[in-house]
Amino acid sequence: MDEVIQVTQWLSSITPRKKAKLFFFTTHADAPSPMVGSNDVDTHEETQLPLATTVALHNFKNIDEFLKKKVNTFSCYNVIENEITKTDYEYLRFYSACKYLDVVPPFLDLEKISAIQNKFEMTDEERDYRLLLDSADLVLEKVCDSLKPAGVSQMWTALRKDRNLIRGVKTIDIIGFFVDPNPTGIKECLFFFIVRFLQKADKINRVNTNRLERLIAQCDESSSCEEGKTIDFIIDSLRFYPTELYPFGFCLIMCVIEGRDGAMQEIEKTMEISRHLGMITHTEKNPTKETIELVKKELMKPKYQFYSSFTCWFMSHGDSNSMVLADGETIEREWFLTSFPDISTFQLKPKVFFMVSCRGANKFSLKGDEFEGQSATCDYYDTGSALIRNRMLDITDSVRDISYVQPMMDTLVAYSTILDHLSGRANTHGSIYVDRACVLMSENISRGRSLTEILEHLSQDLHEILQETMDEDRIVYKQACHYDSFFRKTLKLPYTRHPKEDVHSAPQ
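Notes on the structure follow. (Residues numbered from 1 in each chain as written. Predicted model: local features only at pLDDT ≥ 70, side-chain atom pairs only at ≥ 80, totals over all residues. Heavy atoms only, no water.)

### Considerations on the sheet that holds strand E3 (residues 310–315)
Pairing between the strands of a sheet is mediated by backbone hydrogen bonds and can be parallel or antiparallel.
1) Next: With respect to topology, 6 strands assemble into an open sheet ordered E2-E1-E3-E6-E8-E13, the strand pairing being mixed. Two strands close off the open sheet at either side, each with one partner strand: strand E2 (279–285) and strand E13 (482–485). Going across the sheet, the axis of each strand differs from the next one's by a mean of 15°, ignoring polarity.
2) Next: Inspection of the sheet shows strand E8 (residues 411–415) paired to E13 by 4 bridges, in the antiparallel sense. Among the inter-strand pairings, tyrosine 415 is bridged to a residue of E13, identified as histidine 482.
3) Next: Strands strand E1 (249–255), E2 and E3 of the sheet are contacted by helix H16 (residues 289–299), whose axis makes an angle of about 175° with E1.
4) Next: Its contacts with the sheet place helix H19 (residues 432–443) against E3, strand E6 (351–356) and E8, and it is angled at close to 150° to E3. (Pairing = 2+ DSSP bridges. Helix = DSSP H or I, 4+ residues; strand = E, 2+ residues; numbered from the N terminus. Axes fitted to C-alpha atoms, helices over the stretch in contact; angles between N-to-C directions. Contact = heavy atoms within 4.5 Å.)

### A word on helix H7 (residues 135–146)
1) Next: With 12 residues, H7 extends 17 Å from end C-alpha to end C-alpha; this agrees with the ideal 16 Å at 1.5 Å per step.
2) Next: Judged by how many residues are buried, H7 sits mostly within the fold: 10 of 12 residues are covered.
3) Next: In the core, the buried residues of H7 are packed alongside helix H2 (16–26), helix H5 (86–101), helix H11 (186–200), helix H12 (210–217), helix H13 (221–224) and helix H14 (231–237).
4) Next: Where H7 begins, the side chain of aspartate 134 points an oxygen toward the backbone nitrogen of alanine 136, at a separation of 3.2 Å. (Expected span 1.5 Å × (residues − 1). Buried < 20%, exposed > 50% of the residue type's maximum accessible area, 1.4 Å probe, protein only. Polar contact = N/O pair within 3.5 Å; in protein donor to acceptor, adjacent residues only side chain to side chain.)

### Focus on the packing of H11 against H12
If you want to describe how two helices pack, look at the angle between their axes and the distance between the axes.
1) Next: Interhelical geometry of H11 versus H12 gives an angle of 145° and a closest axis separation of 10 Å. Remark: the crossing between H11 and H12 carries right-handed chirality. Contacts between H11 and H12 involve Ile194, Val195 and Leu198 on the former and, on the latter, Arg211, Leu212 and Leu215.
2) Next: Its residues assigned to classes, the contact of H11 with H12 comprises 5 nonpolar, no polar and 1 charged. (Left-handed = near helix turned anticlockwise from the far one by under 90°. Nonpolar A, V, L, I, M, F, W, Y, C, P; charged D, E, K, R; others polar.)

Structure below.
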């Protein structure tokens with residue numbers, strides 16, 4: 001059959017709503033750069049004009065033409081270059097979006113997808129199409145699905161009132177002030193236009209969604225929300241780190257085995273909980289400084305920008321400032337923690353570090369300790385909320401910026417013990433902290449708990465356990481863990497993420 005006819009038949013089989021979503025997922029806002037074959041030409045026309053004209057004219061002609069152009073580009077594309085190109089990236093995104101929406105073109109060359117995955121050096125686990133979907137876009141899709149056409153129309157009206165933001169934007173004028181979002185698929189096109197417009201204007205990204213939340217907050221709940229949804233529910237969904245679908249993220253496990261009884265048990269437990277959470281996991285036994293540098297170099301490869309989160313378990317001996325590696329050399333803990341968050345592939349994504357080592361030799365000994373109840377009051381807590389609001393600064397958009405981010409932002413570091421203190425372990429089972437952390441995370445899957453809630457529970461649980469030193473003094477002591485958080489959103493533990501289908505290899 002002629003390819004033109006095939007493409008036409010394929011487009012005619014897709015509903016308007018799915019066409020809008022396919023366009024949205026395909027014009028992903030955060031494509032990696034620099035990319036071979038890309039340039040600095042503004043893609044404003046390509047990503048926003050088709051949506052604007054579809055909303056204004058109530059027909060999908062321009063979106064159809066865009067999708068046809070994509071299909072034709074992929075059809076003619078020859079995967080022979082060693083470098084990863086912009087087309088490689090777009091091809092994978094397009095395929096994953098089609099697979100997610102169940103609209104894969106029957107004529108799409110799946111062997112090219114496999115060849116592109118080879119260029120990205122993807123393992124069998126990483127060839128699951130769900131890895132290629134952007135979690136932030138999936139969250140925004142759910143927000144759109146939770147709103148009625150009237151709700152999106154109200155968001156548009158609120159956006160149009162911000163004259164400083166929309167001044168001189170031609171696509172805004174194409175749509176006009178009053179919009180009828182009721183025809184099938186038009187609500188989606190208008191919502192996705194608003195999202196892409198705010199992203200291109202550097203007002204929102206996968207972490208900073210305040211500007212979008214403020215638009216939603218101006219909607220009338222009775223007319224804007226789908227049944228069972230509320231404005232608060234919709235806004236709350238934007239306040240979690242986007243980690244939709246499988247995999248939940250990439251997990252790196254580094255464990256020094258030499259001289260650490262129970263270290264293999266630590267590896268088994270952390271690997272098990274990582275798989276249970278739906279992470280793709282890599283383990284380094286007996287790491288050295290060279291190992292760490294090689295891992296950092298590996299994590300800079302383009303394929304890692306597809307992951308939604310990064311988790312690292314580092315288990316070794318240590319003292320207040322450093323950790324002991326397998327060859328007896330030490331590394332500064334601070335150096336380790338500041339070098340990983342700066343890796344560009346995980347920018348604007350949650351990064352969690354479990355640092356499991358002693359940080360000194362002190363012990364919180366129970367022998368002879370006396371506990372006296374103390375209480376304190378602070379008069380400023382009595383200040384009325386209205387008075388507080390009156391004292392607050394009026395922070396305008398003109399003094400807000402989301403373009404520049406401190407490297408440690410979106411990072412959480414969990415320590416197995418407090419500074420200058422021991423981190424206890426059992427002879428056969430390894431770190432008690434690791435054991436309890438894995439148990440609590442396993443127990444709380446599917447309960448909607450956040451990681452920080454689990455860590456707070458872990459702090460309580462661990463501090464109840466009586467431990468004993470292994471020297472001749474046999475001192476009974478307690479261990480206290482803690483964490484430092486630079487998170488800007490909440491990271492929820494996923495629901496069980498075992499793949500529902502056999503998609504470990506390239507598409508068959």
